[in-house]
Amino acid sequence: NPCLYHGVGKFKIEVGLEQKSGGKPSYTEIFGQWLTDMAASDERLVAITPAMCEGSGLNGFAERYPDRYFDVGIAEQHAVTFAAGLATEGLKPFCAIYSTFLQRAYDQLIHDVALQNLPVRFAIDRAGLVGQDGATHAGSFDLAYLSTVPNMVVMAPSDAPELRRMVATAAAYDEGPIALRYPRGESAGTDDVQDIKPLEIGKGRILVEGEEIALIALGSRVPACLAAAHELREEGIVASVIDARFAKPLDRDLLLQLAQNHEVLITIEEGSVGGFGSFVAQALLEEGLLDGQKNLKFRSMILPDQFQDQDKPERLYALAGLDSRAIIAKVLDVLGRSN
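If you're wondering where the values come from, they're calculated on a predicted model, not measured in any experiment.

Moving on, we come to the overall build of the chain. Check the secondary structure of the chain and you find 13 helices and twelve strands. Whereas a compact globule of 339 residues would reach a radius of gyration of roughly 20 Å, the chain reaches 20 Å, a difference of no more than 12%. Counting only C-alpha atoms and orienting by the principal axes, one finds that the chain spans roughly 60 × 50 × 40 Å. Scored against the burial criterion, the 339 residues of the chain give a buried share of 53%. Partitioning the intrachain contacts of the chain with sequence separation of at least 6 by distance along the chain shows that 78% fall at a separation of at least 24. Summing over all exposed atoms, the chain offers an accessible surface of approximately 15,700 Å²; the carbon and sulfur share of this is 48%. Side-chain charges of the chain comprise 31 positive and 47 negative groups, with the mean position of each set lying 2 Å from the other.

Next comes the structure, spelled out in structure tokens:
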């Protein structure tokens, strides 16, 4: 089976079946299953992939809706332009591409999609550090290269229910291009939410109300922030935890509220410099909140400026300084309590 042999994980030698480490579905599986379910009530919804049917979780969609599934081969540039063409005819294309491979189609994304403000939905798998696939497949740059493009909306789910909400949000959004980026591997949270409604574009949410410190996280770093906040509370530090949901557009109202009620703002993301944290810093500068006259400290936690080798994702995030322990250390350092 070439699809399975493309990226071999652990498997049972006796029967050749994949050996999963946990019982939770992967983000990829949730995306594919939910997209297939939504297609039943919306005949305009179509799926496109550049030769990654299994990898993008679209095998079920392809079997159920063969006339609405398009595998264009290893041709990411064509996948994006083809999606743009379908969008001009009133269809709802979901272009499912790994983060690292969407880089190949950046010109088409700008000129064929964003410049025309076409409602192409980008389902960006393998966001952040991917573990055994190594540096070639790490989704380190999409937050930076997508957020700089006009008309683009960029979302990142923190758990399984949020992924379903964001797929529904993308399907309902017709004002222009929109992207949802999610990591490889087992999902966080409990995938049992029944009420799946589209999100309000550009609005985050406060998960934990705290004081002095606000941890503003995006995507898979939200659970790490919740874990860090739990341990900090035992040290007498009650930190707010915010799920930004959107890298673009920013929730400026929430950001200003946090700046007024906290002394320290820390953004945490699984991306390179130039992404979510950079845009938050720019917004704070424009509001005059970082000019030295205000008693506000800002820090941004991002991936290091290097290519990381393959390893387990949890170890890679520890080495990158983006796990819960690193977040705790950053908080204590900013507060002057690192000793």
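One can find His262 in strand β11 (residues 262–268). For His262, a relative accessible area of 8% translates into the label buried. Within the local environment of His262, its side chain forms a polar contact with the backbone oxygen of Leu258, the two atoms lying 3.0 Å apart. For His262, the residues in contact, after removing those within four places along its chain, are Gly210, Glu211, Glu212, Ile213, Ala214, Ser240 and Leu296.

The terminal C-alpha atoms of helix α4 (residues 76–88) lie 19 Å apart, and with 13 residues this matches the ideal 18 Å at 1.5 Å per residue to within 8%. Every buried residue of α4 is accounted for by Glu76, Ala79, Val80, Ala83, Ala84, Leu86 and Ala87. The arc that holds the buried residues of α4, viewed along the axis, is 165°, so those residues lie on one side. Taken from the residues just after α4, Gly90 is the one with a positive phi, measuring 90°.

As a further point, take the sheet that holds strand β1 (residues 45–49). Pairing within the open sheet is mixed, and its seven strands lie in the order β2-β1-β3-β4-β6-β5-β10. A single partner strand is all that each edge strand has here, and the edge strands are β2 (69–71) and β10 (246–248). In this sheet, neighbouring strand axes are inclined to one another by 20° on average, regardless of whether the strands run parallel or antiparallel. As defined by bridge partners, β1 adjoins β2 across three bridges and the pair is classed as parallel. Among the inter-strand pairings, Ile48 is bridged to a residue of β2, identified as Phe70. Of the strands in this sheet, β1, β2, β3 (92–98) and β4 (121–125) touch α4, which is tilted by about 165° from β3.

Ordered in space as β7-β9-β8-β11-β12, the five strands form an open sheet in which the pairing is mixed. Lying at the two open borders of the sheet, with one neighbouring strand each, are β7 (205–208) and β12 (297–301). Averaged over neighbouring strand pairs, the angle between their axes works out to 25° when direction is ignored. Note: β11 against β12, five bridges, orientation parallel. Bridge assignment links Ile268 to a residue of β12, and that residue is Met301. This element, helix α11 (residues 276–286), spans β8 (212–217), β11 and β12 of the sheet and lies at about 165° to β12.

In this structure, Leu102, Phe122, Leu146 and Leu265 are the most contacted members of the largest nonpolar core, which totals 51 residues. Here Leu146 is in contact with Leu102, Leu109, Ile124, Met152, Val154 and Ala179, once residues within four sequence places are set aside.

Positionally, Asp112 belongs in helix α6 (residues 106–114). Distance from Asp112 to Asp67, taken between C-alpha atoms, is 24 Å for residues 45 residues apart in sequence. Sequence-distant contacts of Asp112, that is, excluding residues within four places in its chain, are made with Thr81, Ala84, Asp107 and Leu118. One polar contact links Asp112 to Thr81, side chain to side chain, over a distance of 2.6 Å.

Before going further, it helps to examine the pairing of β8. Within a regular beta strand, the side chains point alternately toward one face of the sheet and then the other, so they alternate between its two faces. With respect to burial, β8 is a largely interior element, five of its six residues being buried. When β8 meets β11, the two strands line up parallel, connected through six bridges. If you follow Ile213 over to β11, its bridge partner there is Val264. Between the parallel pair β8 and strand β9 (residues 240–243), the chain is carried across by helix α9 (residues 221–234), and the sense of this crossover is right-handed.

Quick look at the pattern of salt bridges now. Once the charged atoms of two side chains with opposite charge are near each other, the side chains can pair. Inspection of the entire model under this criterion finds 17 salt bridges. A salt bridge links Arg184 to Asp133; its shortest N-O distance comes to 3.0 Å. Of this pair, Arg184 sits in the loop between β6 (178–181) and β7 while Asp133 is found in the loop between β4 and α7 (142–147), placing the two residues 51 residues apart along the sequence. For Asp133, a relative accessible area of 25% corresponds to the partly exposed category.

The next thing to look at is the packing of α9 against helix α13 (residues 324–334). Each pair of packed helices gets described by two things: the angle between the helix axes and the distance between those axes. For the pair α9 and α13, the least separation of the axes is 8 Å and the interaxial angle reads 55°. Between α9 and α13, the angle falls in the class oblique. Crossing handedness for the pair α9 and α13: right-handed. Facing Ala224, Cys225, Ala227, Ala228, Glu231 and Leu232 of α9, the residues of α13 in contact are Ser324, Ile327, Ile328, Val331 and Leu332. Of the residues that constitute the contact of α9 with α13, the class distribution is nine nonpolar, one polar and one charged.

Calculation criteria
Residues numbered from 1 in each chain as written. Predicted model: local features only at pLDDT ≥ 70, side-chain atom pairs only at ≥ 80, totals over all residues. Heavy atoms only, no water. Helix = DSSP H or I, 4+ residues; strand = E, 2+ residues; numbered from the N terminus. Rg over C-alpha atoms; globule rule 2.2 N^0.38 Å. Buried < 20%, exposed > 50% of the residue type's maximum accessible area, 1.4 Å probe, protein only. Contact = heavy atoms within 4.5 Å. Areas by Shrake-Rupley, 256 points an atom, 1.4 Å probe, with all protein chains shown as cover. Lys, Arg positive; Asp, Glu negative; His and termini not counted. Charge placed at Lys NZ, Arg CZ, Asp CG, Glu CD. Polar contact = N/O pair within 3.5 Å; in protein donor to acceptor, adjacent residues only side chain to side chain. Expected span 1.5 Å × (residues − 1). Arc of directions from axis to C-beta. Pairing = 2+ DSSP bridges. Axes fitted to C-alpha atoms, helices over the stretch in contact; angles between N-to-C directions. Core = buried A, V, L, I, M, F, W, Y, C linked by side-chain atoms within 4.5 Å. Right-handed = clockwise from strand over helix to strand, strands pointing away. Salt bridge = Lys/Arg side-chain N within 4 Å of Asp/Glu carboxyl O. Parallel < 35°, antiparallel > 145°, perpendicular 65-115°, else oblique. Left-handed = near helix turned anticlockwise from the far one by under 90°. Nonpolar A, V, L, I, M, F, W, Y, C, P; charged D, E, K, R; others polar.

Limitation: the analysis is restricted to geometry and does not speak to function.
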